[in-house]
Amino acid sequence: MSQKLPLSFYTNENVVEVARNLIGCRLYTQLGGVLTGGIIVETEAYNGRTDKACHAFPEKRTERTSVMYEQGGVAYVYFVYGMHYLFNIVTHKKGFADAVLIRAIEPLEGVEEMMLRRGKNVSSKLLTGGPARLSEALGIDKSMNGLSLLDSTVWVEEPLPQISYKIGASTRIGVDYAGEDALLPWRFYAIGNKFVSK
DNA sequence: TAGGTGATCTTG
DNA sequence: AAGATCACCTAT
């Protein structure tokens, strides 16, 4: 039985709440019949109307940001620093450009495949800790941009019932260019989890 | 801690 | 058309 998160989870109008709620949920991809996934342990919220750190601020529509304006529940994948794909989840109603960046997962499924994709003989913590690392481990690239999370290539499932996390909040990482909005406590993480940044 | 890397956006 | 920037990672 599928435990995919329902559309209503993603259409929530409060992206900060969604970012917090995603901690403990499980992110999966299935590519060529190979299942990989892990528990989400670090997220950041971005708001396209109020938040200077958001690519879509202030309600900016470009080719890159266009998927952020779709109804919540699709993937927003973008390429940075000439090397890395970062995976985000679009939230809110159609026409509102909000998204949650997934910054780290704890491996759960398909560990061998994830190690192969990451190349190198990488230590456990570096396998899926960090937004570009988890994308590489899960095989995420630009071809997933705009895919529905209710479909079967990339999706999110409810938390495992037997595990609960203490959730911490802090400022977001790498958004100093956003001035005072860099001070917003919109990063969430599972306290004590080793896959969380720094 | 510095350098790699190229898409994306802004300026002119 | 050109230049600056960038929600990062890896190796020194």
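For the structure, see preceding data.
Our subject in this report is the structure included herewith. None of these values were measured; they are calculated from a predicted model.

Right, let's get into the overall build of chain A. For chain A, the count of helices and strands is 5 helices and 8 strands. Along its sequence from the N terminus, chain A presents helices and strands in the succession α-α-β-β-β-β-β-α-α-α-β-β-β. Contacts in chain A between residues far apart in sequence, at least 24 positions, make up 62% of those at least 6 positions apart. Surface summary for chain A: the accessible area is close to 9400 Å², and the carbon and sulfur share equals 52%. Within chain A, the 21 negative side-chain charges are centred at a point lying 4 Å from the centre of the 22 positive side-chain charges.

Taken together, Lys 60, Thr 62, Arg 64, Phe 79, Val 80, Tyr 81, Gly 82, Met 83, His 84 and Lys 142 make up all the residues around DNA strand B. Backbone sugar and phosphate groups make up 60% of those atoms of DNA strand B lying within 4 Å of the protein. In this structure, Tyr 81 approaches DNA strand B through a main-chain N or O atom, which is 2.6 Å from a base oxygen. With respect to DNA strand B, the backbone of Gly 82 contributes an N or O atom lying 3.3 Å from a base nitrogen. Considered class by class, the residues forming the surface near DNA strand B number 4 nonpolar, 3 polar and 3 charged.

Locating Val 18 in the fold gives a position in helix α2 (residues 15-21). Separated by 25 residues in sequence, Val 18 and Thr 43 place their C-alpha atoms 9.5 Å apart.

Under the definition given, this model contains 10 salt bridges. The closest approach of N and O atoms between Lys 94 and Glu 70, which form a salt bridge, is 3.2 Å. Here Lys 94 is found in the loop between β4 (84-91) and β5 (98-109), whereas its partner Glu 70 is found in the loop between β2 (34-47) and β3 (75-80), with 24 residues between them in sequence. Lys 94 gets classed as exposed once you look at its relative accessible area, which sits at 56%. Glu 136 is paired through a salt bridge with Arg 118; the nearest N and O atoms lie 2.6 Å apart. Of this pair, Glu 136 sits in helix α5 (residues 131-138) while Arg 118 is found in helix α3 (residues 111-118), placing the two residues 18 residues apart along the sequence. We classify Arg 118 as buried; its relative accessible area is 8%.

Neighbouring DNA strand C are 19 residues; His 55, Tyr 78, Asn 88, Arg 133 and Tyr 177 lie closest to it. Restricting attention to atoms of DNA strand C within 4 Å of the protein, one finds that 59% of them are sugar or phosphate atoms. In the environment of DNA strand C, a phosphate oxygen lies 3.0 Å from a nitrogen or oxygen atom belonging to the backbone of Ala 132. Contributing elements (two or more residues each) for the surface near DNA strand C: β4, β5 and α5. The residue inventory of the surface near DNA strand C, partitioned by class, reads 11 nonpolar, 5 polar and 3 charged.

Time to look at α5. Within α5, the full set of buried residues consists of Pro 131, Leu 134, Ser 135, Ala 137 and Leu 138. All buried residues of α5 project into a common sector of 165 degrees when viewed along the axis, lining one side. Gly 139 occupies a position one or two residues after α5 and carries a positive phi of about 75 degrees.

What counts and how
Residues numbered from 1 in each chain as written. Chains lettered and ligands numbered in written order. Predicted model: local features only at pLDDT ≥ 70, side-chain atom pairs only at ≥ 80, totals over all residues. Heavy atoms only, no water. Helix = DSSP H or I, 4+ residues; strand = E, 2+ residues; numbered from the N terminus. Contact = heavy atoms within 4.5 Å. Areas by Shrake-Rupley, 256 points an atom, 1.4 Å probe, with all protein chains shown as cover. Lys, Arg positive; Asp, Glu negative; His and termini not counted. Charge placed at Lys NZ, Arg CZ, Asp CG, Glu CD. Near = heavy atom within 4 Å. Polar contact = N/O pair within 3.5 Å; in protein donor to acceptor, adjacent residues only side chain to side chain. Nonpolar A, V, L, I, M, F, W, Y, C, P; charged D, E, K, R; others polar. Salt bridge = Lys/Arg side-chain N within 4 Å of Asp/Glu carboxyl O. Buried < 20%, exposed > 50% of the residue type's maximum accessible area, 1.4 Å probe, protein only. Arc of directions from axis to C-beta.

By themselves, these observations are geometric and do not establish any function.
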